[in-house]
Structure formats: structure tokens, C-alpha cells
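Reading the structure
Each chain is listed here by its residues.
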Amino acid sequence: MSDGFIEVEDLEKVFQVRRKSGTFRRTKREVRAVGGISFSVPRGEMVGYIGPNGAGKSTTIKMLTGILTPSGGRLRVAGLDPSRERTRLVRRIGVVFGQRTTLWWDLPLRDSFDLVRRMYRVPGARYRANLERCVELLELDGLLDVPVRQLSLGQRMRGDITAALLHDPDVLYLDEPTIGLDVISKVRVREFLRDLNAEKGTTVLLTTHDLTDIEQLCKRVMVIDHGRLMYDGALAGLHEVGESERTLVVDLERALPPIEGVSGARTVRTEGPRQWLAFPASASAAPIVSQIADGYPLVDLSVREPDIEDVIARMYAEG
């Protein structure tokens, strides 16, 4: 292994699945959720770990945290074996699962945080400093006495992120941290994570279906599908390999024929005054918007990012 802070070498996870094959018979088969992946993450790096549903992302994170034991390969986080040294490791990591909360449903947010402090035995001064910082940057002031069950999804997510950081973890695993959040909440969470990484050097492994999360937070992205690592490098390189496209949604003053003659883009759909133009994901939208604004009665526009499933499908198509 190299000297990364997170080290994964030929990691495998195989599950035994039993299926009913008759009235009194059951057959057993193996399902390979993760099949021999290897990667290294230096301390302080923010890495996007992406792929379609069922690709093996959550299984990998569960092995990195010690929840699951690998079927094969080697794994080290901060020099520790997660499954064998889970008690020592838990003090070094923080985990946020977007689909479930680690907070106590019926308790006020403040009490949930205090329970976390006691579980991790965080010194009082350190706990207060970390809590004050998170409350300020994630705008939780005024919510500390509200029971978790009464919080909106965005408020709860910010509470979960705070709970994961109260003990100053070296590594933060984020599994879909912006799922279901409104635009303002997404921006707030992204800004917080960016500042956290810059100020404290926290290593972050982020899984998400929102490529905007990756673009704004991570310089490096890893793509996993069917349990295998398909790509490891810059996001721009991923778009080039997958030949992915972004979509410019244009609203005009009135219905017009499909927009033509725009360098670097092509019209793929029209519906009344609204038109959709596709352009390479690695290209800037600015010159395309400028051309449209100069030649057409533009009212509004937006840019839609490529779906990760589409990117991977194109990667397969290219062999």
C-alpha cells in the first residue's frame, strides 16, 4: 500500500443470498457488491465517490466505517483496520447518511448534540467551540430547542452534519448529504463543507447523484458501477471519457423555430417558447448564452447537469 490516509487494495464484498426455488427448496447464490477495487485518498482531500443506485457506493462506505467486514482485500483508514479496530476508528470518523438520521427523533436538537458529546467524551470547551461554529455557519440558531421530528429535511440534514463533526473527526463520510434539499440549503451545506476542509483539513469522501455537489466541492472523482472502479481522476476528464452533455433550457418571449447557428450547441427539443440545447459538459455555457441573447428574444434560462447514469452509460457505449 501507499501512504494515503484512506487505503483500499483489492477490496471485495460478497453477500450470500437465498432464494426460494420450490415449495420446500431454497437456492443460495453469491452477489458481488464490491469486486476488487483499489484507491488511495491523501489526508485533507475531498473526493467524490459516485455511481448509479446499486453500484456499491454504500457498501464501500460501510466497510470503510467498520459496519461491514470485507470478504477480501486490504483496507486502512488512518492506519487502522475498520472492522478489527472499529472502537478506535469511530473517534476518528464522522458519518452522515442522507436517507437516515443519527439524531434522536423526540429530543430537541440541543439534547441530541449533548448525547453525542457524552458518547464521544468531547471536552466541554472543545464541544462548545465546535457547536457554536456549526450553529453559526449552518444557521441552526433558533432550532436548538426544536424536537428533531419537527425539523424540515434541510434543517435535519444540517443537524446531522453538526452531530458528525462535534468530536473533530479526521475523516467525514457523506452519503447523499444534499438529497431532497432546497437550493438555499444545498448552497449552505456546500459552503460549510468547503470551509471545513480548508480550515481543518478534514478528509471528505462524498457520494451523491448531484454532480453540482462534486463540481463545487471535489477536484477528484471516482466512479463505481457493478462493484468495479471505472474511473478515478478529474471531473472534466470524466465528462470527456463519457462524452457527457449539459442542457441549456431557454425560455423565449414567444414560440419560434428551433434555435440554429449557435456554435458549440444543438437544439434537441422545443415546446412552445421553451427550447432545450445540448452542449459538451466540459464546455462553458457563457459563449452559448451570449450567442442566443444576441439573436433571440431571451426571457430566462437555466443549465441542467448531466445525470451520472447517462455519463456511465456513455462510458459503456465507448467500450
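Read on for a plain summary of the structure. (Residues numbered from 1 in each chain as written. Predicted model: local features only at pLDDT ≥ 70, side-chain atom pairs only at ≥ 80, totals over all residues. Heavy atoms only, no water.)

A short note on the pattern of salt bridges
- Counted according to the given criterion, the structure contains 22 salt bridges.
- Of the charged contacts in the structure, one is a salt bridge between Asp 81 and Arg 76, with a shortest N-O distance of 3.5 Å.
- Given a relative accessible area of 14%, Asp 81 falls into the buried group.
- Among the charged side chains, a network of salt bridges with common partners joins Arg 43, Arg 92 and Asp 170. (Salt bridge = Lys/Arg side-chain N within 4 Å of Asp/Glu carboxyl O. Buried < 20%, exposed > 50% of the residue type's maximum accessible area, 1.4 Å probe, protein only.)

Considering the layout of surface pockets
- In this structure, the largest pocket encloses a volume near 390 Å³.
- As for the largest pocket, its lining consists of 17 residues, of which Val 90, Gly 94, Val 95, Thr 102 and Tyr 120 are closest to the centre.
- Contributions of two or more residues to the lining of the largest pocket are made by strand 5 (93-97), helix 3 (109-120) and helix 5 (153-165).
- For the lining of the largest pocket, the leading source of residues is strand 5, giving four residues.
- In terms of residue class, the lining of the largest pocket is built from 11 nonpolar, four polar and two charged.
- Of the voids in this model, the second largest pocket is the one considered here, and its volume is about 280 Å³.
- Taken together, 16 residues form the lining of the second largest pocket, with Lys 57, Ser 58, Gln 99, Asp 175 and Glu 176 sitting closest to its centre.
- At four residues, helix 1 (residues 57-64) tops the list of elements feeding residues into the lining of the second largest pocket.
- Taken together, the residues of the lining of the second largest pocket break down into three nonpolar, eight polar and five charged. (1 Å grid on protein atoms, 1.4 Å probe; cavity = no way out; pocket = protein on both sides within 12 Å on 5 of 7 lines; lining within 4 Å. Points joined across faces, edges and corners; volume = space filled by probe spheres on them. Helix = DSSP H or I, 4+ residues; strand = E, 2+ residues; numbered from the N terminus. Nonpolar A, V, L, I, M, F, W, Y, C, P; charged D, E, K, R; others polar.)

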